[in-house]
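Read off the chains here:
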Amino acid sequence: MTEPARAGPGPLDVLERVAAAIAARRGADPATSYVASLFAKGEDAVLKKIGEEATETVMAAKDGDKLRVAAEVADLWFHCLVLLARHGLGPSDVAAELARREGVSGLAEKAARGK
């Protein structure tokens, strides 16, 4: 009898690994760790980076450069993971929120938030 096929790594696996690396580097020396330097600079620095990366993502999309879009979204997601870590959250928290919204009309979900 053969074993059932196993699913490959889930899409959250890499996000969880990156989140773990961010958590591990959080208390490192800011002179030697980009992540530690972001934490040391405070939330405004993280938010600024998210804004920059979001803008670069939009520009890449406007240019129609698929490879650059993927690279810029990766930068954006990385900085969002740093922000999540600052708030004691991680990819599973975002996945849980997406799962909660799954199957709900985007218009209905948006209307419910306004209440």
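Use the structure listed above.
Residues numbered from 1 in each chain as written. Predicted model: local features only at pLDDT ≥ 70, side-chain atom pairs only at ≥ 80, totals over all residues. Heavy atoms only, no water.

1. Points about the pattern of salt bridges
In step 1: In this structure the tally under the stated criterion is six salt bridges.
In step 2: Of the charged contacts in the structure, one is a salt bridge between Asp63 and Arg68, with a shortest N-O distance of 3.0 Å.
In step 3: What emerges from the salt-bridge pattern is a single network uniting Lys49, Glu52 and Glu53. (Salt bridge = Lys/Arg side-chain N within 4 Å of Asp/Glu carboxyl O.)

2. Quick look at the environment of Lys48
In step 1: If you trace the backbone, Lys48 turns up in helix 3 (residues 43-63).
In step 2: With relative accessibility at 57%, the residue Lys48 sits in the exposed group.
In step 3: The spacing of Lys48 and His79 is 31 residues in sequence and 9.7 Å in space, taken between C-alpha atoms. (Helix = DSSP H or I, 4+ residues; strand = E, 2+ residues; numbered from the N terminus. Buried < 20%, exposed > 50% of the residue type's maximum accessible area, 1.4 Å probe, protein only.)

3. Some remarks on the packing of helix 2 (residues 34-41) against helix 3
In step 1: Two numbers describe how helix 2 lies on helix 3: the axes approach to 5 Å, and their chain directions differ by 120°. Considering the angle they form, helix 2 stands oblique to helix 3. Listed contacts from helix 3 to Tyr34, Leu38 and Lys41 of helix 2 are Ala45, Val46 and Lys49.
In step 2: Class assignment for the residues of the contact of helix 2 with helix 3 results in four nonpolar, no polar and two charged. (Axes fitted to C-alpha atoms, helices over the stretch in contact; angles between N-to-C directions. Parallel < 35°, antiparallel > 145°, perpendicular 65-115°, else oblique. Contact = heavy atoms within 4.5 Å. Nonpolar A, V, L, I, M, F, W, Y, C, P; charged D, E, K, R; others polar.)

Remember that the coordinates give geometry; whether it matters functionally is a separate question.
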